Amino acid sequence: MASHQFDNVDRSGSVSGPPSEGDYALDRGFRGIAWFSAALILALVVYIVIEIGGKAMPAIAEHGLGFLTSTSWNVQTGQFGILPQIWGTLYSSLLALLLGGVFGIAIAIFLTQDFLPNRLAAVFRTIIELLAAIPSVVFGLWGIYVLIPLLRPVANWLHANFGGVPFFGTSLSGPGLAPAALVLAIMILPTVASISVDALRQIPYKVKEAAYGMGTTRWEAILKVMLPTASSGILAALVLGFGRALGETMALAMLIGNSNQISLSLFAPANTLAALLASSFPEAGPVEIRALMYAALALLAITLIVNAVGLAVMKFATRKFEAER
Amino acid sequence: MSATDLAVESAIRDLETTPAPKPSLHRAPLELRALKSGVLTGLTWIAALLASVPLFSVIYELVVAGGSRLSWETLTALPPSAFDLGGGFGNAIVGTLVMVGIATLISLPLGILAAVYLAILDPDSRLAHTVRFLAKVLTGFPSILAGVFVYAVMVVTMKTYSALAGGVALAVLMLPTVVLAAEQAMAMVPKKMKDAAYGIGCTRTQVIWKVVLPTGAPGILTGAMLAIAGAAGNSAPLLFTALFSDYYLRSLTEPTASLAILIFNFSGMPYENQIQLAWAASLVLVLIVLVFNILARIIGRQKY
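Residues numbered from 1 in each chain as written. Chains lettered and ligands numbered in written order. Predicted model: local features only at pLDDT ≥ 70, side-chain atom pairs only at ≥ 80, totals over all residues.

## Notes on the overall build of chain B
So, step 1. Broken down by element type, chain B carries 11 helices and zero strands.
So, step 2. When the helices and strands of chain B are placed in sequence order, the string is α-α-α-α-α-α-α-α-α-α-α.
So, step 3. What you see for chain B is a C-alpha radius of gyration of 30 Å, clearly larger than the 19 Å of a compact globule of 304 residues, by over 25%.
So, step 4. Along the longest, intermediate and shortest principal axes, the C-alpha atoms of chain B span 110 × 65 × 35 Å.
So, step 5. Here chain B holds 304 residues, and the buried ones make up 46% of them.
So, step 6. In chain B, of all internal contacts separated by at least 6 residues, the share reaching a separation of at least 24 is 74%. (Helix = DSSP H or I, 4+ residues; strand = E, 2+ residues; numbered from the N terminus. Rg over C-alpha atoms; globule rule 2.2 N^0.38 Å. Buried ≥ 20, exposed ≤ 12 C-beta atoms within 10 Å, placed from the backbone. Contact = placed C-beta atoms within 7 Å.)

Below you can see the structure in the form of structure tokens.
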């Protein structure tokens, strides 16, 4: 018993005392509870995978891998396939990544490379962080009533004049890929920006001083020294932003048009895995639910892989700097 | 003297006599590289300004379209049916607060206890590394999948959509934020404070309760507030766990209204009244989210 070592101490006249048996019992109990809580998180993740995987099993047995390559979603005939949704998920996320990535990195540079006095930079950072706080549905509503009416004349002009280009192959009648991808880009921008800012801030100040000391212009320093040095952190930002885009649901369900087709056109309605779940799940019958569980498993697999890759890249980036210091 | 030595000597003489071209330490403003730098700087400013347009546009629309409809009636009345005028979303406000409350009650204690294990008790154990990694992966977990999971586990077994299921789904999404923020806050407690406590004979539990948790409290609370703000605005997991209801909440085991789902449902309706209500509900939802966000900032600013 741990308390024995205190037994022979002379405590006459002292106000202090060793922890009582009760204290030790409490200590063991509390540590047990903390361990249990940590283990519970592990169990929760395992349970999520097992539960969704298990519920998808009947559909996997029924449809096999053809589910991933078939294009019809027909409740009457019981034919289910999610190729258009996978296409829509990847296409919209890539478009969003392109836009959100460029703007996110530009903002990270803007915030870290002495464009603004420190106090103003903090204000601007707050603005970008608040963008992340706006709920997905609100962006969806904004997209329907502000963005789509704004986008429609531009899109239809592009279609009328450059209709031969596959990206402008259809006109924008209402919801479609372009507004969805734009809103998605706005939503992942804070993620990309804040992780890139951290990556750029990790670079020791002397690196920048050395570059300026050699007489580089501001942008030679940024493009040839700062960005390459922060590249793995920025890559992690992009991968994690891509992961966010893949799983985003409500704004897409409201803006993408929920149409199961594969088209290169930016203005055609499309669908994503998450939007399919959101729009079909509440009214689905038992047969469709099984197919939806399969789709959920596919989404889970895609996002888990992308996020794990992003975290691995980020860990690599941080470790590199710790070694250099 | 050899020929090479002579050549070197004459070269040195040349250097000494002909004045070297004076290097300019100034960059000509119209030099190509200076121009390039200027153009890129301009583009960055444009990108930064463009990126802040959506936020201001959203806020403007919320205030104009949502603010005009905000009244005591919209905050307390029940949602109108298709052709009705008036109405409100009092039940959705209550539903959102109740479900976020349930989620907080579940995720805060669990998350903080797990963070105690990760930060203090055994930071380098295999369990800690695994849980830390999984928590980070979970922050990027699509929220709709939390809904699918809770649907499979709770809605199917209870045979009803419920506020309880909605709360649990939100708790799943809050948990990783709480764990990671709390762990970071506790890991930042200075080691000498802990060592001093151990030195006077505290058990680890006493150190955690009397030193680590009080010292790390601002950081933990900041994380909690951010998690709550995130959960309040999140709607995807509620779609098929809490569903929706046109009435005030009477029990935790029946379908429950929430602001986010109300906005989602009303946004697609062809009626002017419902669309106005969707904007007003958005304003209220954003205000709720902002309150927790600002609280997080205020608490986080107090440094110990």
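After that view, the rundown keeps rolling.
## Remarks on the domain arrangement of chain A
Residue and element names in this part refer to chain A.
So, step 1. Domain annotation for chain A reports domain 1 (21-63) and domain 2 (82-324).
So, step 2. Computed from C-alpha coordinates alone, the two centres of domain 1 and domain 2 are separated by 32 Å.
So, step 3. Each partner contributes to the interface: domain 1 provides eight residues, whereas domain 2 provides seven residues.
So, step 4. The residue inventory of the side of domain 1 that touches domain 2, partitioned by class, reads five nonpolar, two polar and one charged. (Domains from an automatic or database assignment. Nonpolar A, V, L, I, M, F, W, Y, C, P; charged D, E, K, R; others polar.)

## A few points about helix α5 (residues 136-162) of chain A
So, step 1. For α5(A), built from 27 residues, the straight-helix expectation of 39 Å at 1.5 Å per residue is missed by more than 12%, its first-to-last C-alpha distance being only 32 Å.
So, step 2. The sharpest bend along α5(A) measures roughly 45 degrees and falls at A:Gly143.
So, step 3. Taken residue by residue, α5(A) has A:Ser136, A:Val137, A:Val138, A:Phe139, A:Gly140, A:Leu141, A:Trp142, A:Gly143, A:Ile144, A:Leu147, A:Ile148 and A:Ala155 as its buried positions.
So, step 4. Check the buried side of α5(A) and you find it contacts α6 (177-202) and α10 (250-255) of chain A together with α2 (32-67), α10 (259-267) and α11 (272-301) of chain B. (Expected span 1.5 Å × (residues − 1). Bend = angle between axes of the 7 residues up to and from the residue.)

## Topic: the interface of chain A and chain B
So, step 1. Taken together, the contact between chain A and chain B spans 69 residues of the former and 68 residues of the latter.
So, step 2. Per-element accounting of the side of chain A that touches chain B gives the leading share, 20 residues, to helix α1 (residues 21-63) of chain A.
So, step 3. For the side of chain A that touches chain B, the per-class residue count stands at 52 nonpolar, nine polar and eight charged.

## Quick look at α2(B)
So, step 1. Here α2(B) is 36 residues long and its end C-alpha atoms lie 51 Å apart, about the 52 Å a rise of 1.5 Å per residue gives.
So, step 2. Of the positions making up α2(B), those classed as buried are B:Ser37, B:Thr44, B:Ala48, B:Ala51, B:Pro54, B:Val58, B:Leu62, B:Ala65 and B:Gly66.
So, step 3. Looking at the buried residues of α2(B), the elements they touch are α3 (83-112), α4 (118-133), α5, α6 and α8 (218-229) of chain A together with α11 of chain B.

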